[in-house]
Amino acid sequence: MTGIDNLHHKISAVLKPTDIKDPEYFHKVVDCQYACPAHTPVPEYIRLIAEQKYTEAYMINWDSNVFPGVLGRTCDRPCEPACRRGRVEEEPVAICRLKRVAADNKGDVKQHMPKGPFKANGKKIALIGAGPASLTVARDLAPLGYEIHLYDEQKLGGGFMRSQIPSFRLPETVLNEEVNYILDLGIHTHFNSFVSSLKDTLSKDYDSIFVGTGAPRGRDLDIPGRKEAAANIHIGIDWLSSVAFEHTSKIGKKVIVLGGGNTAMDCCRTSRRLGGEEVKVIVRSPFAEMKASPWEKEDAMHEDIPIIENHVPKNFVIENGKLRGMNFEKVKAVYDDKGKRQLVPVGGPDVFFEADDVLVAIGQENSFPWIERDLGIEFDKWGMPVVDAITFASTHPKVFFGGDAAFGPKNVITAVAHGHQAAISIHLANEKKDMKKRPSPFVNLISQKMGIHEWSYDSAVVEDVRYIVPQADKKLTLTNRKKEVELGFDVSTGFKEAERCLNCDVQTVFTTSKCIECDACMDICPTACISFIDNADETDLREMLKIPAHNKTQDLYVSDALPTKRVMVKDENVCLHCGLCAERCPTSAWDMQKFFYNVTKAEKACQ
């Protein structure tokens, strides 16, 4: 249990940056922002969208996640399962798609971005790989005067955002715009340049080197018939890259896609656009346990692509030297008492599916053949570099890693978060400072009450179903691989969806000395999260509340003793931060205070 008076007194005064640095406390403050790897201030930019301040909303995003237009279309949305709207309705706020509303309707944002040329500090940095992690490092360090050299074997920047995300999900114009915002900061680009030796790069007198090469190797499937049918079996990520750079423009009419992740969904949907008439996704696991995001699976099925679960590939079938299809063993998932899954054959004959081509999208791996093993960089038993999880430093003093290259395949927003932290470490290292002493975040707390019952946000609590993002006609999108499927919210719908946000960064602050125990707050609370009861130990207290609090992963907030010897207890798990308690309180014992948290970037690292 947490004493609410002490807790809130701590943050209602003038804040020191160290006051709210504990991630566990941060988690209890703004769930969606904490769930975002880059800790984007979600409620802050959603309120700006509701106010039609799209440029400002875009810049709030750009400061944290660097690629608002890209992520507004492609993010894995870790913030949305944490959204409190999902506690009272089936669907959370469409946080990701609101990010796109800001990007689609912004004004001239370049005027708000750093403008070069910047005063040189005499330091040179090499970035290997031009994906989201490296680009984030470049954006954070260039304004500090670093001479940034960006290397990539592709002809343009973006890394896997360009080669692995199909154009029907991420238009090239959007990617180019946001990549160029960074390149325009004076980055020295070395495109069409494959780095074959880290030793050679280290010999070029760079002060630091950042490796952001992703996880570039797709896993293969070693089963009978693989070699004989090699001409018609393709590694998923390599095939997508070949399509993106227009080396591949067609595929057979009957296509099998192996794998249950987002890459498999991109492969099957791309196949439909390149001539695949009968495209199937076949996966070992149950449908519900596929790694693909739910919306990715929905989009694939909307395009008439069946997903066949619980089938384990056994062999490729070859006839007259040519691929004819595949045999599969049907299985079922069985779980032990610890929840560990085992795929058990159900018996019966193998299941055969015809195929002209097979795309293997069963996972990605890291590959570092270009990093010599005598440079002082340690690798673990899986062939991954030993990287510090806080500083992103390797065991070589000049070499840092980030994104998929650091800890294996994740997503764009995680790579961005890595880039921010690696940039801080590079800056600290070049300033001869301790990389473990991380800069404190910027925090602030401001009362939102402007009058007796006047608020700076909409405090109405209503049932409000999530709005559906419109899509282009399937007849058009399936004939043109560059035709974007999702159309995004228009301004009106974006405003309505923004109103679904419960402003969870606006915190309830309770002052015991002002409370007259009228119970008005308890009566008006829409989720019955406030109780005035006799104090007890936590187990009993949870059962004594107006509605028992059974989620022990989130603290109860308990006040000091009131004049009647009772205490005020708030179950933060179901509190909507709607502000009705503060609006109803006749003595202002309850107040609503907006909490702003922003992760400090490299420019503050040495201050």
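Remember, predicted model here, so these are calculated numbers, not experimental data.

Draft legend 1. Just unusual backbone geometry, in detail. Cis rather than trans, the peptide bond between G116 and P117 has omega equal to 0 degrees. Positive phi is not limited to glycine here, since D519 has a value of about 70 degrees. In this structure, D519 sits in the loop between β19 (506-510) and α19 (520-524). Given the relative accessible area of 18%, D519 is considered buried. Phi is positive for S588, close to 60 degrees, though the residue is something other than glycine.

Draft legend 2. View of the sheet that holds strand β4 (residues 188-190). Ordered by their spatial adjacency, five strands build an open sheet running β4-β3-β2-β5-β17, and the pairing between neighbours is parallel. At either end of the open sheet lies a strand with only one pairing partner, and these are β4 and β17 (399-401). Direction aside, neighbouring strands of the sheet carry axes that sit 20 degrees apart on average. Bridge count between strand β5 (residues 208-211) and β17: three bridges; the pairing is parallel. Bridged to V211 within β17 is F401. Across the face of the sheet, helix α16 (residues 412-430) comes into contact with β2 (124-128), β5 and β17 while running at roughly 165 degrees to β5.

Draft legend 3. Looking closely at the sheet that holds strand β8 (residues 254-258). If you trace the five strands from one edge of the open sheet to the other, you get β7-β15-β8-β9-β10, paired in parallel fashion. In the strand order of this sheet, the two ends are held by β7 (233-235) and β10 (307-308), each with one partner. Where strand β9 (residues 278-282) and β10 come together, two bridges link them in parallel fashion. Residue pairing across strands places I282 opposite I308, the latter belonging to β10. Packed on one face of the sheet, helix α13 (residues 262-273) meets β8, β9, β10 and β15 (357-360) and runs near 170 degrees to β9.

Draft legend 4. Inspection of the side chain of R438 at higher detail. Its location among the elements puts R438 in the loop between α16 and β18 (442-447). Within the structure, R438 has its side chain in polar contact with the side chain of S425 (distance 2.8 Å). Polar side-chain contacts of R438 include one of 2.9 Å to the backbone oxygen of M435.

Draft legend 5. Region of the structure containing the pairing of strand β12 (residues 322-335). Bridge count for strand β11 (residues 311-319) against β12 is eight bridges, and the pairing is antiparallel. In the sheet register, V317 faces β12, and the bridge partner there is G325. Connecting β11 to the antiparallel partner β12 that follows it, the hairpin turn spans two residues, and N320 within it adopts a positive phi of roughly 55 degrees. The sheet contact formed by β12 and strand β14 (residues 351-354) spans four bridges and is antiparallel. Paired with G325 across the two strands is E354, which belongs to β14. Both β12 and strand β13 (residues 341-345) contribute to a ladder of five bridges, which runs antiparallel. Bridge pairing in β13 links A333 to L343. Here β12 folds back onto β13 in antiparallel fashion, the turn holding five residues, of which G339 has a positive phi close to 85 degrees.

Draft legend 6. A look at the environment of I305. Mapped onto the secondary structure, I305 falls in the loop between α14 (294-302) and β10. Measuring from C-alpha to C-alpha, the distance between I305 and M265 comes to 9.5 Å, with 40 residues separating the pair along the chain.

Draft legend 7. Examining the nonpolar core more closely. Formed by 66 residues in total, the largest nonpolar core has its most connected members in F67, L141, I148, L198 and F401. A per-element tally of this core places α16 first, with ten residues. Ignoring sequence-local partners within four residues, the contact set of F67 consists of P132, L135, T136, M161, E178, I182 and V416. If you look at the next biggest cluster of nonpolar residues, it comprises 27 residues, including A57, V93, C501 and F595.

What counts and how
- Residues numbered from 1 in each chain as written.
- Predicted model: local features only at pLDDT ≥ 70, side-chain atom pairs only at ≥ 80, totals over all residues.
- Heavy atoms only, no water.
- Helix = DSSP H or I, 4+ residues; strand = E, 2+ residues; numbered from the N terminus.
- Buried < 20%, exposed > 50% of the residue type's maximum accessible area, 1.4 Å probe, protein only.
- Pairing = 2+ DSSP bridges.
- Axes fitted to C-alpha atoms, helices over the stretch in contact; angles between N-to-C directions.
- Contact = heavy atoms within 4.5 Å.
- Polar contact = N/O pair within 3.5 Å; in protein donor to acceptor, adjacent residues only side chain to side chain.
- Core = buried A, V, L, I, M, F, W, Y, C linked by side-chain atoms within 4.5 Å.

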